[in-house]
Amino acid sequence: MRKIEVPVLVVGAGPAGLSATCHLAAQGIETLTLTRFPGTANSPRAHITNQRTMEIFRDLGIEQRVMQAATPHHLMSNNVWATSFAGTEIARLQTWGSGPERRADYELSSPSSMCNIPQHLMEPILLDTARERGAGFLFNTELVSMRQDAHAVHAVCHDRVSGEHFEVVSRYAVGCDGDNSVVCQQIGFETEGQMGLGAAVNCWLEVDLAKYTAHRPGVLYWMAQPGNDYWVGSGTYICVRPWNEWVLLFMYDPAAGEPDLSEAAVMARARATIGDPDIPIRVKAVSKWTINQVVARQMNKGRVLIAGNAAHRHPPANGLGTNTCVQDGFNLGWKLAMVLRGQAGPGLLDSYTHERLPVGRQVVERAMKSVRDMRPISEALGFEPGQDEAAGWANVDDLFADTPHGRERRQALRDAVELQNYQFNCHGVEMGQVYASSAVVPDGATRPTPERDPELYHHASTFPGASLPHAWLQRGQEQLSTLDLVGRGRFTLLTGVGGDAWRTVAAQVAATLGVPIDVASIGGPRCDAQDVYGRWAALADISESGCLLVRPDRHIAWRQQNDSGARPALLEATLRGILDRPLSR
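As the structure is a prediction and not an experimental result, all values here were calculated from the model. (Residues numbered from 1 in each chain as written. Predicted model: local features only at pLDDT ≥ 70, side-chain atom pairs only at ≥ 80, totals over all residues. Heavy atoms only, no water.)

### Observations concerning the overall build of the protein chain
As a reminder, the rule being used: Each helix is a run of H or I in the DSSP string that is no shorter than four residues. Each strand is a run of E no shorter than two, and both are numbered from the N terminus. Put simply, the radius of gyration uses C-alpha atoms, and a globule should come to 2.2 Å times the residue count raised to 0.38. Accessibility here uses a 1.4 Å probe with only protein chains present; expressed as a share of the type maximum, an area under 20% marks a residue as buried, one over 50% as exposed, and anything in between as partly exposed.
Within the protein chain, the secondary structure is distributed over 18 helices and 25 strands. Over its C-alpha trace the protein chain gives a radius of gyration of 25 Å, about what one expects of a compact globule, namely 25 Å for 585 residues. With respect to the three principal axes, the spread of C-alpha positions in the protein chain is 80 × 65 × 40 Å. Evaluated residue by residue, the protein chain yields a buried proportion of 59% over its 585 residues.

### As for the sheet that holds strand S13 (residues 235-241)
For the record, the criterion: Strand pairing is assigned whenever DSSP detects at least two bridges linking the two strands.
The mixed open sheet is built from 8 strands, whose spatial order is S5-S4-S12-S13-S14-S11-S15-S18. Of all the strands in the sheet, just strand S5 (89-94) and strand S18 (312-313) have a single pairing partner and so form its edges.

### So, the packing of helix H9 (residues 321-340) against helix H10 (residues 350-372)
To be explicit about the condition: Orientation is described by lines fitted to C-alpha atoms, with helices fitted over the stretch in contact, and by angles between N-to-C directions that extend from 0 to 180 degrees. We call two directions roughly parallel when the angle between them is under 35 degrees, roughly antiparallel when it is over 145, roughly perpendicular when it lies between 65 and 115, and oblique otherwise. It only takes one pair of heavy atoms within 4.5 Å for two residues to be counted as in contact. Only Asp, Glu, Lys and Arg are considered charged in this grouping, and only Ala, Val, Leu, Ile, Met, Phe, Trp, Tyr, Cys and Pro are considered nonpolar; every other residue, Gly among them, is considered polar.
Where H9 contacts H10, the axes come no closer than 10 Å and their chain directions differ by 175°. Classed by the angle they form, the pair H9 and H10 counts as roughly antiparallel. Across the interface between the two elements, Thr324, Gln327, Asp328, Asn331, Leu332 and Lys335 from H9 touch Ser351, Tyr352, Glu355, Arg356, Val359 and Val363 from H10. When grouped by side-chain class, the residues that make up the contact of H9 with H10 number 4 nonpolar, 4 polar and 4 charged.

### Examining the packing of helix H1 (residues 15-26) against helix H5 (residues 119-132)
Put simply, the test is: In this scheme, a crossing is called left-handed if the near helix is turned counterclockwise away from the far one by less than a right angle; it is called right-handed if the turn is clockwise.
Contact geometry of H1 with H5 gives a least axis separation of 9 Å together with a crossing angle of 25°. With respect to each other, H1 and H5 are oriented roughly parallel. Helix-helix and strand crossings are classified by hand; for H1 and H5 the assignment is left-handed. On H5, the residues that touch Pro15, Leu18, Thr21, Cys22 and Ala25 of H1 are Gln119, Glu123, Leu126, Leu127, Thr129 and Ala130. Looking at the contact of H1 with H5 residue by residue, the classes come out as 7 nonpolar, 3 polar and 1 charged.

### Concerning empty space enclosed by the protein
Cut-off, in case you're wondering: Cavity and pocket criteria rest on a 1 Å grid covering protein atoms alone: a 1.4 Å probe that fits but cannot get out defines a cavity, protein on both sides within 12 Å along at least 5 of 7 lines defines an open pocket, and an atom within 4 Å of a point defines a lining residue. Grid points are joined across faces, edges and corners, and a volume is the space filled by probe spheres set on the points.
For the structure on display, the rule yields 5 cavities of 30 Å³ or more. Put simply, the largest cavity is a space of about 130 Å³. Contributing elements (two or more residues each) for the lining of the largest cavity: strand S12 (220-223) and helix H11 (375-381). It is H11 that provides the largest number of residues to the lining of the largest cavity, a total of 3 residues. Among the residues forming the lining of the largest cavity, the class breakdown is 11 nonpolar, 3 polar and 1 charged. Here the second largest cavity defines a volume of roughly 90 Å³. In terms of lining, the second largest cavity is formed by Arg52, Ile56, Gln327, Phe330, Asn331, Arg356, Gln433, Tyr435, Asp553 and His555. Put simply, the parts of the chain that give the lining of the second largest cavity at least two residues each are helix H2 (51-60) and H9. When the residues that make up the lining of the second largest cavity are grouped by side-chain class, the tally is 3 nonpolar, 4 polar and 3 charged.

### With respect to the layout of surface pockets
Of the pockets and cavities examined, the second largest pocket occupies roughly 880 Å³. If you list the elements that add at least two residues to the lining of the second largest pocket, you get helix H4 (103-109), H10, helix H15 (427-431) and helix H17 (535-540). Ranked by the residues each element gives to the lining of the second largest pocket, the list is headed by H10, at 5 residues. Tallied by class, the residues present in the lining of the second largest pocket amount to 16 nonpolar, 14 polar and 9 charged.

### Considerations on the pattern of salt bridges
Put simply, the test is: The salt bridge definition used is simple: a Lys or Arg side-chain nitrogen within 4 Å of an Asp or Glu carboxyl oxygen.
For the coordinates displayed, the defined rule picks out 34 salt bridges. Two residues, Glu89 and Arg216, come together in a salt bridge whose shortest N-O distance is 2.7 Å. Highlighted residues: Glu89 in strand S5 and Arg216 in the loop between helix H7 (210-213) and S12, separated in sequence by 127 residues. A relative accessible area of 28% places Glu89 in the partly exposed class. Classification of Arg216 by relative accessible area gives buried; the value is 5%. For Asp443, the salt bridge identified is with Arg559, shortest N-O distance 2.7 Å. Of the two residues, Asp443 is situated in the loop between H15 and strand S19 (472-475) and Arg559 in strand S25 (residues 556-560); the sequence distance between them amounts to 116 residues.

Here it is, written out as structure tokens:
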């Protein structure tokens, strides 16, 4: 059997696998990524891309490439509930921080704007990025079996075109092979939760809906009609391209039989939910999928790590799926690279589970709760299974009637729509991950108590484990973010006007450990970047002579209030603990 040897094998080339590959390749780590499919995603699938993920693309240098292929933030604004596109509009909600009440929160939190980029447009960008950095790929290749020993991971693979079986021997492997992960099965990763909690269909359509949507631009249009009280109503339209390319999503009950997915049936459903019997429609593709609620009990085991849907599966509520996958890859990429280069011990990889597993659990729980929180909208509309059309449309008339009952129902509807902020303006969940692991050093301070709802609002902080806060700075005639001073696979010490001592300390420790440490000062005109707006001074929570040690993934590893801790021995001991490099090693 032919044998291929490579430092890292990545199984799966979806968002998680491509993200992990990009970050490893960007740091010069040789990788081989395989997928049983002939190419990247062939349909839109996931699409919401939040600010934290866009910051990761900024770190890779591809933020603008993604934005050019995406629907921009200002066209994502409205969530619309209606009886059809041409019918009665029931309610509207401004989403993803586009409303005046939330716009400043989103703009202050990040240099990056969220966007709507369907998976079939995002994945080729990540694939090209990985290849540009030297990554290798095998398409039409499936994993048959995998085992590991003390020294390597052994994977038997099958070329689905030639029929050849061959072995890949790698120092480490990353399983990003989705809901039915072969890696999880072969290595014995345990999961908890349930699969198949609901059944749904995606219908990818070409249909020009500009006259119904351009005046109320958005990503999601929820159509509610008599006889249906599903989470997605009679059909939800997801914008793929404004305003002529869409995914029509609807749910069904398998116990009642499989749905008719013929072209004629799909077009009939589309015309009914559009409300225009003559509109031209082209059906591009139809696919089925299920709602799952699953999370792994650990995300690294020996020389094998898992990421993305192999580790956490949930419904698309809150738009967290692809984002969590990409962020998994960002977290594991620098850690695995440093272990492979001998700059860190294998214990650093344990921090991957300790940091990303709580995020996976939170995402699964939040998505499931958001699905349940859609029920009050169905109840307020009064549509029920088996209801005849006359009774259903009478319900709509009653909803808007000038009667005590109508007023009561409208208030219930307003309350139900307001609840959807926890799905569509859930900024704290999108941005607020704070890690606790051996790769974060506590400083004895208590984590700040949020002043506002921590799910709805992001609270920027330099508390160890938090992501570095964004503030706009000036360098000459260039505007840049605090985030632009850090990352790209390297540790960075951020200090202020009185922090020159940290430069000498960082240089000595970097030379001793063989780990590059960048140093950047923020403050006055003689610093590396000038805090012209004073916002960084308000966020830093350290004195001008203190420092923040920022990890390659932009999370804060260590914090010192002033330069009294500017001693090589202290910084060296701190980094040794983070990197699992005890003195005995």
